[in-house]
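Chain residues, written in single-letter form:
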Amino acid sequence: MRDKIYAYLKSQKAGAASKELVEQVLKIKGASPHISEKLIQTAIAGDRRFAVDEHHLWKIIEGGGTPLSKAEFVLLSLLTIDTPEKSRIIVEISAHKLRGDKIVDRFHTFVNPDAPTVQTMLLPADFAQEVKGGIPIEKAVRLFSDFVGDGILIGYDVHSSINQLNAVLSKLNEMIENPPLCLKFLAKKLIPDLQPKSINDIAAFFKLPVIDTRRTETEVCTTAEIFSRCRELLKEQEFSAVEEVIAFQYPDIDPVDFSKYAFDKAFLWTIPQKPGVYKMKNKSGDVIYVGKAKNLKQRLSSYFWNSAGRLQKIADLLNHVYTIEYEITGSELAAIVLEFRLIKQYRPRLNQQLEVHERTTRYGNLKNFIVILPSSIEESLDLFFVKEELPLQRYEILRGAVNFSGVERILDTRYYETIVANRCSPLYAKDNENLHNSPRNSHKSPFSKGGLRGINVSSDGNIQDENTLSDIEMGEMEIVLSWVEANKDQVNYINMDTISGKDACLKLVKDYLSDEETFQKKHFRWL
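All values derive from a computational prediction rather than experimental measurement.

## Some thoughts on unusual backbone geometry
Phase 1: Here E379, not a glycine, exhibits a phi torsion of approximately 60 degrees, which is positive.
Phase 2: With respect to the secondary-structure elements, E379 resides in the loop between β12 (369-374) and β13 (380-386).
Phase 3: A positive phi is found at E389, a non-glycine position, where the angle reads about 75 degrees.
Phase 4: Mapping E389 onto the fold places it in the loop between β13 and β14 (393-398).

Spelled out as structure tokens, the structure:
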């Protein structure tokens, strides 16, 4: 059967969806997208010739890795300035997005550290004025992170730049994990006689104009020219895949020995660029590490890059791992929640953090809401129902759904009916004023520590016996509240404390399902 699927995909250059493969190859008619996906995953399980792309299309992996000609690169330049306190701060960020040989998008922003800091800097008057008009550093770095997407980051000293950006993102419980290409390292490997001390040394070698004024918009253009010349040299040396170049760039580092693992480089290259969770196991089959990722391919491949820093950091992990299993999720939030559950289940010895600790992100005013995110199931949405003092509940719904009774039951039992007298305040759509004035909605976050009471709701929307929220349930709620507060400007959610009623809520859910853009983005608009 695998060979038949392979032969069919060989004839379909653009790839094929699971449903098409089920109908044309397995000769099964009328299977739902969810069932079709499970059938194909089962049929080709473990076969590294197949991979699924970001559009849920199955394709054949003819060679190893991502072709350089098809990869997306992000050329980066940061301008940092020393403060009187001997610290370095970012004041300007520029980037170009490159596909093939064409720049398809640009990013530029000034960063305003704060008025007193700007005043102490010895900056030219016109530049100081531009910096004063910049945006806060957290906003700037998050905008840049969204701009990068799944691109490979390129810069003269790109590792240092990524570290500076991640120092900001770490405060928001986020991190840039995109694979880096360092022009300083790459130039040394491609041109052994060249020992560059600055980007101008490489520019001079290629007879490009040197940078006389350190500004990011100028430097990122020079970076683009240098990378273009490096690509020509890589082609001459018959490099064809991004993964090969990433491994090649690092000097004097012994490559990872894959003979001691049950997988090889080809396995890493075929991992999809999707959010998800992974389990690393030793030879005995014990789970020794559980992790999450916005991009599974980037995260798992990063463990095996020939980078001294990476290898030292994860030496114990690399010495004990034997197999890797991963599960695709529809969103980063779903991955975080699943990772939390798996760590609680397996308690892997190499996970440094086995408990959900107090998060620094403030929860804000959101208490009763529905988060709408992509599902791991093709053409579906994943609904996260959050209700004060109740466990998290999720519901997946297909794009072509005509029956919304499951969603209605959850809305009724969670938000629009009296559940237990004197125990949970009803959320009447026509009495929003009482919602905001009720004692239950005016105290601090209900998910702080303490013996809180709640009602369990089963997967079909039926109410179960009253009980105390378990540690896992409280942990999941803390995760969702923290994540939504940090991402609320980029994610769809419906605030149940302000929506006009159940019919209005159902209409919004249907609107998301019918919106073409909903299924093309990681995050969507918010309402």
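## Remarks on the confidence of the model for the chain
Phase 1: In the predicted model, the chain carries a mean pLDDT of 79, and 79% of its residues have values of at least 70.
Phase 2: Counting contacts from residues 353-362, a segment whose pLDDT is below 50, to residues more than four positions away or on other chains yields 22 contacts.
Phase 3: Residue range residues 418-466 is modelled with pLDDT below 50. Its contacts to residues more than four positions away, or to other chains, number 95 contacts.

## Here we look at the sheet that holds strand β17 (residues 492-495)
Phase 1: If you trace the four strands from one edge of the open sheet to the other, you get β14-β13-β12-β17, paired in antiparallel fashion. Bordering the open sheet on either side are β14 and β17, each of which pairs with just one other strand. Averaged over all neighbouring strand pairs, the angle between strand axes comes to 20 degrees, with direction disregarded.
Phase 2: In this structure, β12 lies alongside β13, joined through six bridges in antiparallel fashion. Bridged to F369 within β13 is V386.
Phase 3: Sitting on the sheet, helix α19 (residues 471-487) is in contact with β12 and β13, with an inclination near 80 degrees to β12.
Phase 4: The sheet strands contacting helix α20 (residues 502-514) are β12, β13, β14 and β17, and the helix crosses β17 at an angle near 170 degrees.

Cut-offs and rules
Residues numbered from 1 in each chain as written. Predicted model: local features only at pLDDT ≥ 70, side-chain atom pairs only at ≥ 80, totals over all residues. Heavy atoms only, no water. Helix = DSSP H or I, 4+ residues; strand = E, 2+ residues; numbered from the N terminus. pLDDT = per-residue confidence, 0-100. Contact = heavy atoms within 4.5 Å. Pairing = 2+ DSSP bridges. Axes fitted to C-alpha atoms, helices over the stretch in contact; angles between N-to-C directions.

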